[in-house]
Amino acid sequence: MTQPTVKNASKSADTQAGQTLILAAAARRLAQTLHTAFRGRWEALPGASTPPQPTPEYQAAPVPVDLIGRRAELIVEASDLAALNNALSSDADALVIDFDDTFTPTLANVQAAYDALPRAAASDKPLLARPRAFYAVEQHLDFGGPAIAAFTDLAVILAARPEQPIHIYVPKLETVAEAQLWDDALSLAERELGLAPNTIKVCIQIETFLAVQHADALLYALRGRAFGLNAGRWDYVFSLIKAVGSQRGAVPPRSDLTMDVDAMRAYAEALLRVAQRRGAQAIGGSAAVAPDAANPQPALDLVQADKRREAQQGFTAAWAGLPMLLGDVRAGFDGEAPAPLSAEPVEHTLKRLLDLPAPQPLPLDVLQDTIGLALDVFEAWYAGQGVVVRNGRIEDTATAELARAQVWQWVSCAAQLSSDAFLTPDRYRTERRALRADDTPEAQLLDALVLAETCPAYFPRFAQQLAAREPLPTQEMPV
């Protein structure tokens, strides 16, 4: 099995208690204000999930001037200073500075990312930043309790350039209560920074099963500042698997969940219908391949074909995981915009979203590779690395979440293997032990995730609780 390529291997996981992040004074004041105002509401999340409700007629916010006409956004992990320097000098139409899926929140990584933000903010490159989601806790700061990572990241991002705020990608929304909390937090930040209402603009990531059902309501809650919706396919499939659970047979492996599968087309089309109706941009997924240096063209052709498919659906831009992919991402969006999608009844969309391909016997090499992917990313994550290159693909938290959720689902439903055996917990342990010893952190984390009665929410927070021996969550939010 191909081993991961790990960047900046000198970084190590932070295991020392009592260490504290150093924030600039303005960022600390803003973070304190946000925590004082909103900790109670954050602690009450996710809140009740209700069926999608009709929204009044409205239009999304205008696209920020510096993002009009862009096609290729380059995502860069916030603490990878070499990659950030390269990104700032690249021909990307815009940069996405990421504290979420590609980011491992060690003390060293968070400090390096926070320290680098002012330099990035001084660039004339159009900038967006993705703070961590509401599930995450920043253990190296205390604001009346462990810091809420989203608020801390947001404070540092905004304080880096308060006169011209960096645009925000809002990740992993589930409920209207979460969207309203983001909007209120951004409004308070604007008042603290002396900015007019809705100066801070956002693009909402539609990357959970609840979010795709509630996309119109989420956009409405942030309508004064939200200019777009973004598709995060692997986080979405991870969320979908948690919703489906073990009540059906084995969900398909990742390789079978292409955007040509009707359930995945339904996801993209549901997002697009909301964007088209409300005048919002629709931003496509991330091109996350790592082309073979000796023969890069096949991978580049796949990237361009995937973006051409998105363009034909109605997306206007997408992410590139590497600078060398920018040209092909951009080229995929050349051409005329398609006609808007016709309306579809909500009930029919939901049926399509859940209509995954029928269970099939699971090839043993697919099981082994899926276990290996999760282990490789977890190993890198514990070493302070948020991204690995594995078998020609850029893998990160999102794909590791998907891999471990798939293995959980396969074990939970006793998936049939192609050998006519069934995937029991003991068989899982046998396959995992062939790849990692029991005493490795990544094996212990994967075992805890896969063998849990219900699928745990997000592994970074679960890993923190596991290490601290905090009580682990026993149930998922209702869907």
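Residues numbered from 1 in each chain as written. Predicted model: local features only at pLDDT ≥ 70, side-chain atom pairs only at ≥ 80, totals over all residues. Heavy atoms only, no water.

## Re the domain arrangement of the protein
The accessible area lost on association of the parts is a frequent measure of interface size.
Then step 1. The assigned domain composition of the protein is domain 1 (25-353) and domain 2 (364-466).
Then step 2. Between the C-alpha centres of domain 1 and domain 2 the distance comes to 25 Å.
Then step 3. Residue-level contacts link 34 residues of domain 1 with 34 residues of domain 2.
Then step 4. Where domain 1 abuts domain 2, roughly 2900 Å² becomes buried across the two surfaces, and 62% of that area is made up of carbon and sulfur atoms. (Domains from an automatic or database assignment. Contact = heavy atoms within 4.5 Å. Buried area = accessible area lost by both parts, 1.4 Å probe.)

## Let's talk about the UniProt feature "active site" (unreviewed entry) in the protein
Then step 1. Within this numbering scheme, the UniProt entry marks Arg130 and Asp396 as carrying the feature "active site" (unreviewed entry).
Then step 2. Along the chain, arginine 130 falls in strand S4 (residues 127-130).
Then step 3. The exposure class assigned to arginine 130 is buried, which follows from its relative accessible area of 2%.
Then step 4. When near neighbours in sequence (up to four residues on either side) are disregarded, arginine 130 contacts Ile75, Ile97, Asp98, Phe99, Asp100, Asp101, Tyr169, Pro171, Gln205, Glu207 and Trp319.
Then step 5. Topologically, aspartate 396 is positioned in the loop between strand S13 (393-395) and helix H14 (397-412).
Then step 6. On the basis of relative accessibility, which here comes to 14%, the residue aspartate 396 falls in the buried class.
Then step 7. Aspartate 396 has contacts with Asp101, Thr102, Val377, Gly386 and Val387, leaving out every residue within four places of it along the chain. (UniProt positions renumbered as here; feature names shortened; annotations may be inferred. Helix = DSSP H or I, 4+ residues; strand = E, 2+ residues; numbered from the N terminus. Buried < 20%, exposed > 50% of the residue type's maximum accessible area, 1.4 Å probe, protein only.)

## Topic: the sheet that holds strand S9 (residues 226-231)
Then step 1. As summarised here, the arrangement of the eight strands in space is S2-S3-S4-S7-S8-S9-S10-S11, forming a closed barrel in which the pairing is parallel. Direction aside, the axes of adjacent strands within the sheet are offset by 30° on average.
Then step 2. Bridge analysis of strand S2 (residues 72-77) against strand S3 (residues 94-98) gives five bridges, and the strand direction is parallel. The residue of S3 that forms the bridge with glutamate 77 is aspartate 98. (Pairing = 2+ DSSP bridges. Axes fitted to C-alpha atoms, helices over the stretch in contact; angles between N-to-C directions.)

## Quick look at the environment of proline 118
Then step 1. Tracing the chain through its elements places proline 118 in helix H3 (residues 107-121).
Then step 2. Taking the C-alpha atoms as reference points, proline 118 and alanine 343, separated by 225 residues in sequence, lie 45 Å from one another.

## Some points on the side chain of serine 90
Then step 1. Of note, serine 90 is situated in the loop between helix H2 (81-88) and S3.
Then step 2. A distance of 2.7 Å separates a polar side-chain atom of serine 90 from the backbone oxygen of alanine 87.
Then step 3. Discounting chain neighbours no more than four positions away, the residues touching serine 90 are Leu74, Leu95, Lys125 and Leu326. (Polar contact = N/O pair within 3.5 Å; in protein donor to acceptor, adjacent residues only side chain to side chain.)

## Some remarks on the UniProt feature "domain: Malate synthase C-terminal" (unreviewed entry) in the protein
Then step 1. In this structure's numbering, the residues bearing the UniProt feature "domain: Malate synthase C-terminal" (unreviewed entry) are residues 368-426.
Then step 2. Helix makes up 56% of residues 368-426 and strand 10%. Its end C-alpha atoms lie 14 Å apart.

## Some thoughts on the nonpolar core
The tendency in soluble globular proteins is for nonpolar side chains to be buried as a group.
Then step 1. Ile97, Phe99, Ile206, Leu219, Tyr236, Tyr267 and Trp410 are the most contacted members of the largest nonpolar core, which has 146 residues in total.
Then step 2. A per-element tally of this core places helix H9 (residues 262-278) first, with 10 residues.
Then step 3. Formed jointly, this core draws a minimum of three residues from each of two domains, domain 1 (25-353) and domain 2 (364-466).
Then step 4. Contacts of isoleucine 97, omitting those with residues within four sequence positions, involve Val76, Ala78, Leu84, Leu117, Ala120, Leu127, Leu128, Ala129 and Arg130.
Then step 5. With 11 residues, the next largest nonpolar core counts Leu67, Ala94, Cys203 and Trp319 among its residues. (Core = buried A, V, L, I, M, F, W, Y, C linked by side-chain atoms within 4.5 Å.)

## Focus: unusual backbone geometry
Then step 1. Proline 46 follows leucine 45 through a cis peptide bond whose omega is 10°.
Then step 2. Note that proline 46 resides in the loop between helix H1 (25-43) and S2.
Then step 3. Positive phi values are uncommon outside glycine, yet asparagine 198 reaches one of about 65°.
Then step 4. Mapped onto the elements, asparagine 198 comes out in the loop between helix H5 (176-193) and strand S8 (202-206).
Then step 5. Although it is not a glycine, alanine 414 adopts a positive phi angle of roughly 50°.
Then step 6. Relative to the helices and strands, alanine 414 resides in the loop between H14 and helix H15 (425-433).

## Looking at the packing of aromatic side chains
Then step 1. In total, this model carries 13 aromatic pairs according to the counting rule given.
Then step 2. Between the aromatic rings of tyrosine 135 and tyrosine 458, the centroid separation amounts to 4.3 Å while the plane-to-plane angle is 10°, which identifies the pairing as stacked. Taken together, the residues tyrosine 135 in the loop between S4 and strand S5 (137-142) and tyrosine 458 in the loop between helix H16 (441-450) and helix H17 (459-468) connect sequence positions 323 residues apart.
Then step 3. We classify tyrosine 135 as partly exposed; its relative accessible area is 22%.
Then step 4. Among the aromatic residues, those joined into a cluster by ring pairs are Phe38, Phe134, Phe151 and Trp182.
Then step 5. Across the ring face of tyrosine 458, the terminal group of lysine 242 is positioned such that the distance to the ring centre comes to 4.6 Å.
Then step 6. We note arginine 254 situated over the ring of tryptophan 234; from NZ or CZ to the ring centre the distance is 5.3 Å. (Phe/Tyr/Trp six-rings, centres within 6.5 Å; stacked < 30°, edge-to-face > 60°. Lys NZ or Arg CZ within 6 Å of the ring centre and 35° of its normal.)

## Here's the deal with the pairing of S2
Then step 1. With six of six residues buried, S2 is to be regarded as a mostly interior element.
Then step 2. Side chains of S2 alternate between two faces, with Ala72, Leu74 and Val76 and Glu73, Ile75 and Glu77 buried alike.
Then step 3. Sheet topology note: the S2/strand S11 (residues 317-320) ladder contains three bridges and is parallel. Each residue of the ladder has a partner; that of glutamate 73, found in S11, is tryptophan 319.
Then step 4. This β-α-β element, S2 to H2 to S3, shows right-handed connectivity. (Right-handed = clockwise from strand over helix to strand, strands pointing away.)

## Thoughts on empty space enclosed by the protein
Then step 1. Tallying each qualifying case throughout the model produces two cavities of 30 Å³ or more.
Then step 2. By volume, the largest cavity amounts to about 120 Å³.
Then step 3. Residue lining of the largest cavity: 13 residues in total, with Pro105, Arg132, Tyr135, Ala136 and Pro460 positioned closest to the centre.
Then step 4. Counting residues per element, the lining of the largest cavity draws most heavily on H17, which supplies three residues.
Then step 5. Classifying every residue of the lining of the largest cavity gives eight nonpolar, two polar and three charged.
Then step 6. In terms of domain composition, the lining of the largest cavity takes at least three residues from each of domain 1 (25-353) and domain 2 (364-466).
Then step 7. Roughly 40 Å³ of volume is contained in the second largest cavity.
Then step 8. As for the second largest cavity, its lining consists of Ala231, Arg233, Met259, Tyr267, Ala268, Gly285, Arg309, Glu310, Gln313 and Phe315.
Then step 9. Contributions of two or more residues to the lining of the second largest cavity are made by H9 and helix H10 (297-313). (1 Å grid on protein atoms, 1.4 Å probe; cavity = no way out; pocket = protein on both sides within 12 Å on 5 of 7 lines; lining within 4 Å. Points joined across faces, edges and corners; volume = space filled by probe spheres on them. Nonpolar A, V, L, I, M, F, W, Y, C, P; charged D, E, K, R; others polar.)

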